[in-house]
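# Summary of structural features
Letter by letter, the chains look like this.
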Amino acid sequence: RRRGAPRPARVLVVAGPHLHHAAAEVTALRRLYPRAQVLAGRDATVAAVLEAMGRSTLVHVAAHGTFRMDNPMFSTLHLHDGPLHVHELEELEAVPATVVLTACSAGRSGVLPGDELLGTSAVLMALGVRTLVAPLMPVADAAAADVAVAIHSAMRRGQAPDVALGSCVRQAIAEERVDLVAAAASFTCVAARGN
């Protein structure tokens, strides 16, 4: 992968179709990142998302996701014009430093013969993403949106993504938001060594 001088900070927010709370999630994230590029509705195509990801340093994707245990490289994020398959991420010439996914099971990986770990998170990390936050299992749409906004709010206050996720869990427990505790606890944060 191309290395070199750090790229200027660029935020990409993507909203896939048929997600009831995606519009509210995007609106809240747009308040946190006023200069973010937003791809939603007809603009959130596979080609547009891949192209924009290659120019971004922080990417957030709110979309339905499908994990394929039989073939993790065909796990998908559902976009306007169809599925973005995990193997298509290998086309990226540059990768964002941080990716937050609220797609169901986007943090899962499958172990293939030869002990090879594959799935959305494994591929993104192998491509050079430094930090990934994603759920390991299906999550409720509304709660996932709340978790996403809480994580990004904490990151904007200077917290690292793993600390932001922990803060979100603690806040949900303190507020006795059982739905939020369950959703936040299903997320994981994977970071490259040194992050």
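Here's a quick rundown of the structure. Note that the structure is predicted; figures quoted are calculated from it, not measured.

## A closer look at the overall build of the protein
The secondary structure content of the protein amounts to 6 helices and 11 strands. The contacts of the protein with a sequence gap of at least 6 include a subset with a gap of at least 24, amounting to 74%. Surface accessibility of the protein: about 9600 Å² in total, with carbon and sulfur atoms responsible for 55%.

## Some words on the pairing of strand β10 (residues 131-135)
Extensive coverage of β10 is indicated by the burial of 5 of its 5 residues. With burial as the criterion, each face of β10 is covered, one bearing T131, V133 and P135 and the other bearing L132 and A134. Note: strand β7 (residues 98-101) against β10, 3 bridges, orientation parallel. Across the sheet, the residue bridging to V100 is V133, located in β10. The pairing of β10 with strand β11 (residues 187-191) spans 5 bridges and is classified as antiparallel. Each bridged residue has a counterpart across the sheet, and for V133 the counterpart in β11 is C189.

## Brief notes about the sheet that holds strand β5 (residues 76-79)
As summarised here, the arrangement of the 3 strands in space is β4-β5-β6, forming an open sheet in which the pairing is antiparallel. Looking at strand neighbours, the two that pair on one side only are β4 (65-66) and β6 (82-85), the edges of this open sheet. As defined by bridge partners, β5 adjoins β6 across 4 bridges and the pair is classed as antiparallel. For L77, the partnering residue across the bridge sits in β6 and is L84. Lying over the sheet, helix α2 (residues 46-53) contacts β5 and β6, oriented at roughly 35° with respect to β6.

## Some points on helix α5 (residues 161-174)
An ideal rise of 1.5 Å per residue puts 20 Å on 14 residues; α5 measures up with 20 Å between its terminal C-alpha atoms. All of the buried residues along α5 are P161, A164, L165, S167, C168 and A172. Viewed end-on, α5 has its buried residues packed into an arc of 160°, placing them on one side of the element. Of the exposed residues in α5, the ones pointing more than 90 degrees away from its buried face are R170, I173 and A174. Just past α5, the residue E176 takes up positive phi, approximately 55°.

## With respect to the layout of surface pockets
Roughly 220 Å³ of internal volume is contained in the second largest pocket. What lines the second largest pocket is A9, R10, V11, L32, Y33, P34, R35, A36, Q37, S56 and R156.

## Things to note about the sheet that holds strand β1 (residues 11-15)
With mixed pairing, 6 strands are arranged side by side in an open sheet as β2-β1-β3-β7-β10-β11. The open sheet has two edge strands, β2 (37-40) and β11, and neither has a second partner. Geometrically, the sheet is characterised by an average inter-axis angle of 10° between neighbouring strands, direction not taken into account.

## A closer look at the packing of helix α1 (residues 22-32) against helix α4 (residues 141-156)
Closest axis-to-axis distance for the α1/α4 pair is 10 Å, and the angle between their directions is 5°. Classed by the angle they form, the pair α1 and α4 counts as roughly parallel. Here α1 contributes E25, A28, L29 and L32 to the contact with α4, which in turn contributes A145, A148, V149, H152, S153 and R156. By residue class, the composition of the contact of α1 with α4 is 6 nonpolar, 2 polar and 2 charged.

Conventions used here
- What you see as residue numbers is a count from 1 along each chain, following the sequence as written.
- Confidence filtering applies because this is a predicted model: local features only for residues at pLDDT of at least 70, side-chain atom pairs given and counted only at 80 or more, and all residues used for totals across whole chains, interfaces and linings.
- The side-chain numbers reported here are obtained from all heavy atoms of the structure, hydrogens and water having been left aside.
- Helix and strand assignments come from DSSP, with helices taken as H or I runs of at least 4 residues and strands as E runs of at least 2, each series counted from the N terminus.
- Working rule for contacts: check all heavy atoms of both residues, and any pair within 4.5 Å makes them a contact.
- Using a 1.4 Å probe, accessible areas were evaluated by the Shrake-Rupley method; residue-level cover was limited to the displayed protein chains.
- Only protein chains enter the accessibility calculation, which uses a 1.4 Å probe; a residue is then buried when its area is under 20% of its type maximum, exposed when over 50%, and partly exposed in between.
- If DSSP finds at least two bridges between two strands, the strands pair.
- As a rule, the C-alpha atoms of each element are fitted with a line to give its axis, helices using only the stretch in contact, and angles between N-to-C directions run from 0 to 180 degrees.
- One less than the residue count of a helix, multiplied by 1.5 Å, gives the span that helix is expected to have.
- Note that the arc is defined by the directions from the helix axis to the C-beta atoms.
- Each cavity reported here is a set of points on a 1 Å grid over the protein atoms alone in which a 1.4 Å probe fits but cannot get out, each pocket an open set with protein on both sides within 12 Å along at least five of seven lines, and each lining residue one with an atom within 4 Å of a point.
- Grid points are joined across faces, edges and corners, and a volume is the space filled by probe spheres set on the points.
- Each angle gets one of four labels, with under 35 degrees taken as roughly parallel, over 145 as roughly antiparallel, 65 to 115 as roughly perpendicular, and the rest as oblique.
- Residue classes follow a fixed rule: Ala, Val, Leu, Ile, Met, Phe, Trp, Tyr, Cys and Pro count as nonpolar, while Asp, Glu, Lys and Arg count as charged, and any other residue, Gly among them, counts as polar.

Treat this as a map of the structure, not an account of what it does.
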